[in-house]
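If you want the building blocks of each chain, they are given just below.
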Amino acid sequence: MGLPDAELSILLVDDVQIQDLNQRHLGRGKPTNVLAFSMREGEFPTLHPQLLGDVAISVETAYRQSNRFSLKGSEMIVLLLVHGVLHLLGYEHEGTRTGAREMAIKQKELFRRVIPKL
C-alpha cells in the first residue's frame, strides 16, 4: 500500500468487548466483527504520521462468520484485519456502491496476497 513504515495496533477481543467498544465509540449496542479507529483523523492527525490507528477484531464473531465465507477461523481473522486496515487507509464501503466495490476489490487482492491458496 506504499506505507513501509506504517504502524497499527491489533486488538483481538470477544463479543462482549467489541460490543462495548461499538457502543462507546459508535453508539451501536451490538457486537460486530471488526472496528477500525484511525489516527489519521480527528484532532491531531499529524502527531505520529506513521501510526495508522487501531483495529479491533472479535474472534468469536470471526469464527462464527468463517463458514459463510468458506474460510478457516484464522483466515477470517486475516480477512477482517485486511478490512480494518483498508478502513484506516480511508476506504469506505458504507455510503456509495463505488466505494463498496473499490474496497471489495482491494480487500480481495490483499487477502489473496496473504492467503494465496484462495
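Predicted model only: the values in this text are computed from it and were never measured.

Conventions and cut-offs
What you see as residue numbers is a count from 1 along each chain, following the sequence as written. Predicted model: local features are reported for residues with pLDDT of at least 70 only, side-chain atom pairs are reported and counted for 80 or more only, and whole-chain, interface and lining totals are derived from all residues. Heavy atoms throughout the structure, all of them, feed into the side-chain values; hydrogens and water do not. Any residue with relative accessible area above 30% and no salt bridge may belong to a patch, with like charges joined within 9 Å and the nonpolar Val, Leu, Ile, Met, Phe, Trp and Tyr side chains within 5 Å. Surface accessibility in these figures is a Shrake-Rupley result with a 1.4 Å probe; residues are shielded only by whichever protein chains are displayed. Salt bridge criterion: a side-chain nitrogen from Lys or Arg within 4 Å of a carboxyl oxygen from Asp or Glu. Helix and strand definitions here come from DSSP, where helices need a minimum of 4 consecutive H or I residues and strands a minimum of 2 consecutive E residues; each element is numbered from the N-terminal end. Per-residue accessibility, obtained with a 1.4 Å probe over protein chains only, is compared with the maximum for each type, and a residue is labelled buried under 20%, exposed over 50%, and partly exposed between these values. Only buried residues count toward a nonpolar core. Its members are Ala, Val, Leu, Ile, Met, Phe, Trp, Tyr and Cys residues joined through side-chain atoms within 4.5 Å. By definition in these notes, contact holds between two residues if any of their heavy atoms fall within 4.5 Å.

A. Representation of a nonpolar patch on the surface. Together, Leu8, Ile10 and Leu12 make up an exposed nonpolar region whose accessible area comes to about 260 Å². Tracing the chain through its elements places Leu8 in strand S1 (residues 7-13). Given the relative accessible area of 33%, Leu8 is considered partly exposed.

B. Fine view of the pattern of salt bridges. The final tally for this structure, using the stated rule, is four salt bridges. Asp15 is paired through a salt bridge with Arg64; the nearest N and O atoms lie 2.8 Å apart. Residue Asp15 is found in helix H1 (residues 15-26), and its partner Arg64 is found in helix H2 (residues 59-66); the two are separated by 49 residues along the sequence. Arg24 serves as the salt-bridge partner of Asp20, at 3.0 Å between the closest nitrogen and oxygen. Of this pair, Asp20 and Arg24 both sit in helix H1, separated by four residues, roughly a single helical turn. Residue Asp20 is classed as partly exposed on the basis of its relative accessible area, which comes to 37%.

C. Geometry of the nonpolar core. With 13 residues, the main nonpolar core has Ile57, Met76 and Leu80 as its most contacted residues. The contact partners of Met76, leaving out residues within four places of it in the chain, are Ala62, Gln65, Ser66, Phe69 and Leu71. Listed in part, the five residues of the second largest apolar core include Val13, Ile18, Leu21 and Ala56.

D. The arrangement of the environment of Gly29 in detail. Mapped onto the elements, Gly29 comes out in the loop between H1 and strand S2 (34-38). C-alpha separation for the pair Gly29 and Gln19, spaced 10 residues apart in sequence, amounts to 6.2 Å. For Gly29, the residues in contact, after removing those within four places along its chain, are Gln19 and Gln23.

Interpretation in functional terms is not warranted from these geometric data alone.
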